[in-house]
Structures are given as structure tokens and as C-alpha cells.
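Working through the structure, step by step
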Protein chains: 2
Amino acid sequence: MPARTTKEALSRERVLDAALAVADLDGLGTLTMRRVAEELDCEAMSLYYYVRDKESLLAALTEAVVGEICESCLDPSLQEGAADWREVVKRRCLAAREVMLRHPWAPHLVASQPTAPSTAYALFEALVATMVDGGCSHSLAHRAIHSLGSMLLGFTQELFEPEAGDGDISMEEMEALALAMPHLAKIAEVAAHESKGALSMCDTQAEFEFTLGLILDGLEAHRCEPDSAH
Amino acid sequence: MPARTTKEALSRERVLDAALAVADLDGLGTLTMRRVAEELDCEAMSLYYYVRDKESLLAALTEAVVGEICESCLDPSLQEGAADWREVVKRRCLAAREVMLRHPWAPHLVASQPTAPSTAYALFEALVATMVDGGCSHSLAHRAIHSLGSMLLGFTQELFEPEAGDGDISMEEMEALALAMPHLAKIAEVAAHESKGALSMCDTQAEFEFTLGLILDGLEAHRCEPDSAH
DNA sequence: ACCTGAACACCGTTCAAGT
DNA sequence: ACCTGAACACCGTTCAAGT
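Now for a quick tour of the structure.

All names here are of chain B. Where helix α6 (residues 119-133) contacts helix α9 (residues 182-194), the axes come no closer than 8 Å and their chain directions differ by 85°. Here α6 lies roughly perpendicular to α9, going by the angle between them. From α6, Tyr121, Phe124, Glu125, Val128, Ala129 and Val132 reach across to α9, where they touch Pro182, His183, Leu184 and Ile187. Of the residues belonging to the contact of α6 with α9, the class tally is eight nonpolar, one polar and one charged.

This part takes up the interface of chain A and chain B. The interface is formed by 42 residues belonging to chain A together with 42 residues belonging to chain B. Overall, the association of chain A and chain B removes approximately 4000 Å² of surface from exposure, summing both partners, and the carbon and sulfur fraction of that is 71%. Across the contact surface, chain A and chain B share four salt bridges. Glu209(B) is the salt-bridge partner of Lys90(A), the closest N and O atoms lying 3.8 Å from each other. Counting across the chain A and chain B interface gives eight residue pairs in polar contact (both at pLDDT 80 or more). Elements with a minimum of two residues in the side of chain A that touches chain B: α4 (85-102), α5 (106-112), α7 (138-153) and α10 (204-224) of chain A.

Residue and element names in this part refer to chain A. With respect to the element layout, Thr62 can be found in helix α3 (residues 54-73). Exposure remark for Thr62: the relative accessible area of 2% places this residue in the buried category. A distance of 2.7 Å separates the side chain of Thr62 from the backbone oxygen of Leu58, its partner in a polar contact. If we ignore the near neighbours within four places in the chain, the residues touching Thr62 are Leu109, Val110, Gln113 and Pro117.

This part covers the protein's contact with DNA strand C. If you check the shell around DNA strand C, you find 15 residues, and the closest are Arg34(A), Lys54(A), Met45(B), Ser46(B) and Tyr50(B). When atoms of DNA strand C within 4 Å of the protein are split into backbone and base, the sugar-phosphate part holds 61%. In the model, a base nitrogen of DNA strand C is placed 2.6 Å from a nitrogen or oxygen of the Arg34(A) side chain. Take Ser46(B): an N or O atom from its side chain is 2.5 Å from a phosphate oxygen of DNA strand C. Looking at side-chain class alone, the surface near DNA strand C contains eight nonpolar, two polar and five charged residues.

Looking now at the protein's contact with DNA strand D. The local shell around DNA strand D holds 15 residues, among which Met45(A), Ser46(A), Tyr50(A), Arg34(B) and Lys54(B) are the closest. Within the side chain of Tyr49(A), one N or O atom sits 3.0 Å away from a phosphate oxygen of DNA strand D. A distance of 3.0 Å separates a phosphate oxygen of DNA strand D from a polar side-chain atom of Tyr48(B).

Moving on, we get to the pattern of salt bridges. Evaluated as defined, the whole model comprises 20 salt bridges over all chains. Between Arg86(A) and Asp217(B) there is a salt bridge whose closest N-O contact spans 2.8 Å. In this pair, Arg86(A) sits in helix α4 while Asp217(B) sits in helix α10 (residues 204-224), so the two residues belong to two different chains. In this structure Arg86(A) comes out as partly exposed when scored by relative accessible area, which is 24%. Across the pair Asp84(B) and Arg86(B) runs a salt bridge whose closest N-O atoms are separated by 2.8 Å. Taken together, the shared-partner salt bridges in this structure form one network comprising Asp26(A), Arg35(A) and Glu39(A).

Thresholds, definitions, all that
Residues numbered from 1 in each chain as written. Chains lettered and ligands numbered in written order. Predicted model: local features only at pLDDT ≥ 70, side-chain atom pairs only at ≥ 80, totals over all residues. Heavy atoms only, no water. Axes fitted to C-alpha atoms, helices over the stretch in contact; angles between N-to-C directions. Helix = DSSP H or I, 4+ residues; strand = E, 2+ residues; numbered from the N terminus. Parallel < 35°, antiparallel > 145°, perpendicular 65-115°, else oblique. Contact = heavy atoms within 4.5 Å. Nonpolar A, V, L, I, M, F, W, Y, C, P; charged D, E, K, R; others polar. Buried area = accessible area lost by both parts, 1.4 Å probe. Salt bridge = Lys/Arg side-chain N within 4 Å of Asp/Glu carboxyl O. Polar contact = N/O pair within 3.5 Å; in protein donor to acceptor, adjacent residues only side chain to side chain. Buried < 20%, exposed > 50% of the residue type's maximum accessible area, 1.4 Å probe, protein only. Near = heavy atom within 4 Å.

Structural data, given as C-alpha cells:
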């Protein structure tokens, strides 16, 4: 009779929501299977019906936060009245940051994952599109994604590296992906061409030095016109 | 008789070295008290004679890697023949990166610590000194440290925030620190003055936007002269 | 002073058994 | 199909006891 006390049926979604709630409340450190179960008023073992193991739970949680970031960043209203491609990109980074501030555990979690969740690619595609429309080359936009990585997801890491097993993505999926994200496809194409024989698609050393150069040159410019700062 | 099989006495240093070895060999994930003990051919409980708990072991390990980074960055030969303050800072960041590549687990570990290890301050002091000698204001050098944070330690995070308990550092220590690191002391002084009443000493939102601006403006410059890239 | 055996609380996970 | 009790391996940590 009492609807309140009737146990609501579990579901993968409820499990995920509970995990997110625990992380938001007490951080990743207290996110145990038993604690999530407690939140759902069930036993820890029940979770394994909806989730392969803890690792995959965390992977799903990662996808969820990154998805939230993407949603915020892709809000069309961010484009309104922007003077510049820079302003659009800036607003998107600030939107990403807002989400990260709501989920302080997110950078840690994303960084601990072996690969960036697929949700992130939509965000990268949108950023590259904005830059290319703004007159940037694909190659510059590519470097920009690397340089902005830590502003978007809160940490620095390889983003474009292939997953452990190449075989787990089919040719059809590949083509569908290329159609959905033409700019990323073009970037991947160029990068693959330039790096034939290299260990990884992106020259991370070069990317590092490029970003470093941007920052140092920018600081030098501020040194010469110290009116803006201070 | 057989010196080989005679158990060498444990020591805090040996424990730390063993922990570092485990991390380098198999990553932080396998770094358990029992595994470290195994490496030392003793029981896990023995470690507690030299280390309060695992948390403090990890803190010591953090101090060790950050110390290694500082040593590399502070190598005087990095200053030789540098055309610019930028070149010195760049070489230091690249030196830091080399250490990080040797210890891929380092960014994770440093980021997971509640506070940056004291070892890091010597590095910041040296960088600020280089910039100020190169004609930068203290306030610009301060922002530079924030902007370069992820290039130096592999992640983004609050660096200057006070530790949980303010009381655990005495007035004498404070003054000794100020004498050893005059530039950081000056920066702290200015920041404390500017932020009276604010929650934290550094306006992280402003630092974020500043770094973002450096990157975006740098990219825009590259868009206009696309000869250098591509 | 330095090390360890036994023990405890907590964790992820499996599996057979319940409904 | 969906959930759970019992059980196992592994973890950090304490403490009394050994040398």
C-alpha cells in the first residue's frame, strides 16, 4: 500500500544516478559499490545485474559528466552576438569550467580513464567547426584542441589516441562517425598521413611545445604593454 | 655468512625507494602496502614503523617526484646562452616534462594530493625570479605560474591555497621561507592585499580567463600568419 | 629498537539460490 | 527476469607479542 516504502525497481539509469549523487556528495573516494547500493536501498551484488563491474560503472559515469559538459558547451545561445571565433570558444570553455566546478571530481575521473569518452568528440567537432568557419586551418584547429584540452576537461592527456583494441569499432561505425563529424575526420586523415610510421597519431612533444610557445609569447606581449594587467 | 641473503635493515628511505620502484614498474594501481613490503622482502606491517599510513607514504612519494622535477628544472646549465627569459622558462618546462614522461603516474599522484608539496615552491621561486629579471612585473609572473601549472606538474589545480590547518606552520618558519623565496613572498603579499575579504588568495576564475586569453590570442595570431605552422 | 602473526573492518566480485 | 546470502580474495591498519 504505502507507495513511499515500495521499493522502486532498479535500472541501469538509477544505478548511474546514484553513483553520480554519491560522487557529488562525498567525492570519488567514498564511491564504493556498497555505498551506491545503500543509496538505492539494495545490496551491492544487485548492481552487477546492471553493470559489469566497478570499472565500467566509472566509465559510464565519465561519459555522463563529459556529456553534461558537451551539452553546456553546445548550447546554441553561446554563439549569439559573438564578435569572433575566439569569443565563441571562450564562452564554451567557461561553460565547461562551470560544469567542472559543479563536479570537482570530474577531472580526476576523466584523467583516470584509459580513453576519452566518445561524448567528448561532439564537443571537439563543434570547436573545430567554429575555428575553421572563423578562418583557421584544420591543422591549427587541431593544435588548438590539444592546447585547450586542460581548459575543457581539466587535465592534460592524450585525447586522440586509439583505444586499446582497434578491432572493436567496425568500418560502418567508422564511416558513420566520419559523416557525423566531418572536421574531426579531416583532422584524423591529415594526422594519419603526416605521422605514417610514427608511434602515435599526434606528436605530443610538438603539441606541448606549441602550447608552451603560445603561453610564453602571450606573456611576453603582456610584459610590453603592462597597462591591461595589474 | 652469505651477504646476499642477509636482510638489509629497513629504513624510511628504502621504503620510499621501493614505493617509487613499484609505481614506475606497474603504476599507482598496484601500489599497495603489501606489494611494497614484498619488494623489500618484509611484511606489510613493518612499513608502519617508518610511515604513518599509506596516505603519508603517497605524500612522501609526491614530494620525491616533485623534488626530481625541481632538480631537473633548476639545473644552472639551462640558463646558458638563453636569448630570453622565455627560453629559460621553456627549457625548464621541457625538463619538467621529461621527468613526467619517466614517471607517467606523477600528474595523477600530484593532483590527488590535497596540497602541492613544499618542494614545488623552489621551482616557482626560480621561475618568478627569471621572469622578473627579464622585465616582467611580479603580478604578471604570478599569473604565469598559474598559466604554466599544467605544463610543469601535468595538471591544473589550486597551487597557492593554504593547507587545511594554518597553524601548523610557525611564524619563524614563515619568515625563513620568505627569506629563502623573496619573490614568492612578494607575490603572496600583493595577492593577500588584493584579496582581502575574498575566499581564496587567488582569483581562480580570473586566472582561468587569463590563460584562456593567452591561448586564444596566440591561436588568432597564428591564423593571420599561417606560414609558421602547417 | 625493530619486526611480525593474528585479527578486524572494508572492499570488489562470484555464484548458487531464492522470488 | 531480477535480487540476495554466503563466501572468497584482497586491502589498510592495529596491537600485542616476539627478537
